[in-house]
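Residue-level structural notes
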Amino acid sequence: MHPKQELLEKLTGIRSSRKSYYKELNYVVEEMKKKNKQLEIINQLTKIRINADWADVSAYLAEQLNQLLSFDVFVLTLMEGGSLALFASQRQQQSWTHVPITVPSNREAPSSVEELHDILQPAYLDWHMVSVPLQSRLQRSFGFLTLLQATRPQQEDEEQLILFRQIAEHIEVSVENILLFKDVSKKVGIEAQLVQSAKMAAIGEMAAGVAHELNSPLTAILGNAQLLLRQLPSDPLQQMTKDIYQCGVRCKKIIQNLLTFSRQEEYHFECLSVNELIEDVLVLIGYQLKVSGISISKQLSAEPLLFQGSRHQIEQILINLLLNARDALQDVPNPVITISSFCHVTADRSYVGVSVHDNGVGIEQESLSQIFQPFYTTKAARKGTGLGLSVSLGIAESHGGMVTVESEAGAYSTFTLLLPNYANEENASE
């Protein structure tokens, strides 16, 4: 070998003639650029936010992978607890965005690439699919990455497939970290709920103790007031004694409600009038609303509206809705609560309805879908437990009814309780 050529080969690592030297050198440089680009993208794939939404994760992965691989749609498949979730992303203008993908709800999680393609085939008929599994550190499959092309390539690119598999090994670490983070966050949330439940149980026990302690002196107050009423002549003293007796009766009803709220027991169902129930509830908390400067407007149905239910439980719903309305009206000029009763008829049944409307601060649209979840509250700290509406909804559903809400932030809120119409149920059974 010529000394100059031997020196050239040692310096460049390229065995070539002088004529082809620059061509091979350019090839090596391009390969190095390609490898550097791959390493850069792989580095970017490890920077996924650990608290990111799965749809955002799918779009981010698609954007990064598309710089190295050719495809039209990217699908991230996850299998958690036997359930299947697919997150597809497609390029729209200059960015990759999440697109919905419909999968039968009864489909089991796939155990192989072939089973996954069978699931995707109806949505992407005649598309070319390439998938690689995602495996945990314990070598358990928890998902797949899938690249889809609308037109089948003339021949498979083995180098691209190897690169896709190598990239998947890096992605599965990031995805598994997100899964672990979500699992830990869920457990922390459950623990917080258990702590809050323990607090509520303690409050209920304390309320029951206080109620029993108050019953004894209250019995003496009511008994002595009745004796005085029999002996006093018709003068201002008798009117004052009547006021004492009526306030005592009101306190007794409040204590009964406290005991009912704190006890876990089977409730007795009976035929009830919704208008009478509204009047009873307003006797209990109407004074609290008035001293808060709130006007009460009643729009009660003229016809008798009857339903089958537990008096104490339905009172609990109405009290909760009225107190929520009161809280929404703080610092609002001319606060008004309108409570209405009506008959609501749907295609398949008739309901007795009660609505509580306030002209308060309202609820943001993004919160409307969450307000019935346990421990979710829009109130300030120490002003709400987040249990009132979830308990109310549970009571309504146990009666065969429902609680609905309409609201506009800064304008109003209307909560509606619907219960099966007893008269309608009686006619249907005859």
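Residues numbered from 1 in each chain as written. Predicted model: local features only at pLDDT ≥ 70, side-chain atom pairs only at ≥ 80, totals over all residues. Heavy atoms only, no water.

Things to note about the overall build of the protein chain
Scanning the protein chain from N- to C-terminus turns up eleven helices and twelve strands. In the protein chain, buried positions account for 37% of the 430 residues. Pairs at least 24 residues apart make up 63% of the contacts formed inside the protein chain by residues separated by at least 6 positions. (Helix = DSSP H or I, 4+ residues; strand = E, 2+ residues; numbered from the N terminus. Buried < 20%, exposed > 50% of the residue type's maximum accessible area, 1.4 Å probe, protein only. Contact = heavy atoms within 4.5 Å.)

Re the sheet that holds strand β12 (residues 412–420)
The five strands are arranged β7-β9-β10-β12-β11 in an open sheet whose pairing can be described as mixed. The sheet is open, and its two edges are formed by β7 (295–299) and β11 (402–408), each paired on a single side. Neighbouring strand axes in the sheet, compared pairwise and without regard to direction, differ in orientation by 15° on average. Here β7 pairs with strand β9 (residues 336–345) via five bridges, running parallel. (Pairing = 2+ DSSP bridges. Axes fitted to C-alpha atoms, helices over the stretch in contact; angles between N-to-C directions.)

Thoughts on the packing of helix α7 (residues 274–291) against helix α8 (residues 311–328)
Where α7 contacts α8, the two axes come as close as 10 Å, and the packing angle between them is 35°. The two elements α7 and α8 cross, and the hand of that crossing is right-handed. Residues L277, I278, D280, V281, L282, L284, I285, Q288 and L289 of α7 form the contact with α8, whose participating residues are R311, I314, E315, L318, I319, L322, L323 and R326. Across the contact of α7 with α8, the residue classes break down as twelve nonpolar, one polar and four charged. (Left-handed = near helix turned anticlockwise from the far one by under 90°. Nonpolar A, V, L, I, M, F, W, Y, C, P; charged D, E, K, R; others polar.)

Brief notes about a nonpolar patch on the surface
A cluster of nonpolar side chains, namely M206, V210 and L214, defines an oily patch on the protein surface of about 280 Å² accessible area. Here M206 falls in the exposed class, since its relative accessible area comes to 55%. (Patch = residues over 30% accessible without salt bridge, like charges linked within 9 Å, V, L, I, M, F, W, Y side chains within 5 Å. Areas by Shrake-Rupley, 256 points an atom, 1.4 Å probe, with all protein chains shown as cover. Salt bridge = Lys/Arg side-chain N within 4 Å of Asp/Glu carboxyl O.)

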